[in-house]
Amino acid sequence: DYVVRKESLLKLQNNNYAARAMDDKIGVYSILNALELAKQNNVKNGVYASSTVGEETTANGAVAVANLVKPTLAIVVDVMTDTSSLPSLSNHNQVFLGKGPAITLGTIMNKKLTDLIEKIAKENNIPIQYVTSGNRTWTNADQIHFVDKGIPTMLLNIPLRYMHSSAEVANMDDVNNLSKLMYLIIKEITEDFSFNPYE
């Protein structure tokens, strides 16, 4: 017989919460919060948000949406393993709960968009962490950046402990800081903000 935790959400110490399937419901939650902040502050930029299927396999949902919308840029939100729960990864991509959302640096990430996100985070005292990806990220970003002539893409991550278990743990300060960061990115991007996907 399958066994799963009954609790849908459990509050822990230090503003941490545990639940099953936070990957990637917590990402959707952070995006909705960002859109709500944009609405409350009368941001006029057009934004599309989607939650899609096939993220770790085909990314068919993300590719379909990107082809339909053809956005100026794409910000993908996912979770990232909190390495404090995996001592074997202590020397690689150190990302920790409660120290802010993590920006992915890698070959498919747009440098101009990365610089903008770092600038916004610094100006607004939003703590950020970094993770590197030399190849696939196993997120929708892997396929979105190929669509059309190339969509400038960035991957933002929420640190998550015990990923793919029935008791995943996330820190709400990280989630709220990611929402604030996304809202400020939406606010900052203007029509004359030009991107060259080949830069």
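As a reminder, the structure under discussion sits directly above these lines.
Residues numbered from 1 in each chain as written. Predicted model: local features only at pLDDT ≥ 70, side-chain atom pairs only at ≥ 80, totals over all residues. Heavy atoms only, no water.

1. Section: unusual backbone geometry
Along the chain, Asp23 connects to Asp24 via a cis peptide bond; the corresponding omega equals 5 degrees. For Trp138, which is not glycine, the phi torsion reads 60 degrees and is therefore positive. Locating Trp138 in the fold gives a position in the loop between β5 (129-133) and α4 (141-144). On the basis of relative accessibility, which here comes to 47%, the residue Trp138 falls in the partly exposed class. One non-glycine residue, His164, lies in positive phi territory at about 65 degrees. In this structure, His164 sits in the loop between β6 (153-161) and β7 (168-171). (Helix = DSSP H or I, 4+ residues; strand = E, 2+ residues; numbered from the N terminus. Buried < 20%, exposed > 50% of the residue type's maximum accessible area, 1.4 Å probe, protein only.)

2. Observations regarding the nonpolar core
Most often, soluble globular proteins keep nonpolar side chains buried together rather than apart. Ranked by size, the top nonpolar core spans 44 residues in total, and within it Ile117, Leu156 and Leu181 carry the most contacts. Residue assignment for this core shows that the elements contributing at least two residues are β2 (16-19), α1 (22-40), α2 (60-69), β3 (74-81), α3 (111-123), α4, β6 and α5 (172-188). (Core = buried A, V, L, I, M, F, W, Y, C linked by side-chain atoms within 4.5 Å.)

3. Some remarks on the environment of Tyr183
Position of Tyr183 relative to the elements: it lies in helix α5. Look at Tyr183 and you get buried, because its relative accessible area is 9%. Spatially, the C-alpha atoms of Tyr183 and Ile31 are 8.7 Å apart, while their sequence positions differ by 152 residues. Here Tyr183 is in contact with Ala34, Leu37, Ala38, Asn41 and Val43, once residues within four sequence places are set aside. (Contact = heavy atoms within 4.5 Å.)

4. Let's talk about the side chain of Asn171
Position of Asn171 relative to the elements: it lies in strand β7. Those residues within four positions of Asn171 in sequence are excluded, and the remaining contacts are Asn14, Asn15, Asn16, Leu97 and Gly98.

Just distances and angles here, no functional claims.
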